[in-house]
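# Chain and residue survey
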Amino acid sequence: MTWWSDLVASEPDFAARVRACFAVRKHATMATLRRDGSPRISGTEVDFGDDGQLRLGSMAGAVKALDLRRDPRVAVHSPTEDTPPDDPSAWAGDAKIAGRAHEEPPAEDGSHRFRVEVTEVVLTRVGDPPDHLLIESWHPDRGLRRRERR
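Residues numbered from 1 in each chain as written. Predicted model: local features only at pLDDT ≥ 70, side-chain atom pairs only at ≥ 80, totals over all residues. Heavy atoms only, no water.

### Structural notes on the pattern of salt bridges
Under the defined criterion, the tally for this structure stands at 18 salt bridges. When the shortest N-O distance is used, the salt bridge between Glu 136 and Arg 17 registers 2.7 Å. A residue pair is termed long-range when its members are at least 10 positions apart, and Glu 136 in strand β8 (residues 133–139) and Arg 17 in helix α2 (residues 12–22) qualify at 119 residues. Here Lys 26 makes a salt bridge to Glu 45, at a shortest N to O gap of 3.8 Å. (Salt bridge = Lys/Arg side-chain N within 4 Å of Asp/Glu carboxyl O. Helix = DSSP H or I, 4+ residues; strand = E, 2+ residues; numbered from the N terminus.)

See below:
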């Protein structure tokens, strides 16, 4: 299993840039799978813990938590900001984290907490000069890869 701390240890600069994308706003978007296999999109808060773990939470009985109990596959997309029109390369980009959710004991109020096993992390931003996208992806078995899309 690979955790957020493993990414931080292997690619600290990349991990910091991904984390900064998640810090631009409080609410991220999470995708889970419904019982019939169709996607469910929900708002969520992402916690990059001091213990090196990435966690997601939800209110007690939330359907997104029930989805994760049944099928732990999850994807989280960072909040986004518009690309600065006068300097597109200054945009930090947007980040996506895919993985498997592992439920932890509930909080006192019954809310759900999940620790995320990381299977892929992607950061997409405008290149410099701003005539292409720069896509960086990290996978536990491949490490960090960079590619340009024109």
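Now that the structure has been shown, we can carry on.
### Quick notes on the nonpolar core
Trp 4, Phe 14, Val 18, Phe 22, Ile 97 and Val 121 are the most contacted members of the largest nonpolar core, which totals 26 residues. Of all the secondary-structure elements, those providing two or more residues to this core are α1 (4–10), α2, β1 (28–33), β4 (54–58), α3 (63–70), β5 (73–77), β6 (94–104) and β7 (112–126). Once residues lying within four places of it in the same chain are set aside, the contact partners of Trp 4 are Ala 15, Val 18, Arg 19, Phe 48, Gly 52, Gln 53, Leu 54, Ile 97, Val 118 and Val 121. (Core = buried A, V, L, I, M, F, W, Y, C linked by side-chain atoms within 4.5 Å. Buried < 20%, exposed > 50% of the residue type's maximum accessible area, 1.4 Å probe, protein only. Contact = heavy atoms within 4.5 Å.)

### Looking at α2
Count 3.6 residues to each turn of an α-helix, and residues three or four apart come out pointing the same way. Every buried residue belonging to α2 is among Phe 14, Ala 15, Val 18, Cys 21 and Phe 22, and all of these are buried. The buried residues of α2 occupy an angular sector of 120 degrees when projected down its axis, which confines them to one face. Exposed residues lying more than 90 degrees from the buried face of α2 are Pro 12 and Asp 13. (Arc of directions from axis to C-beta.)

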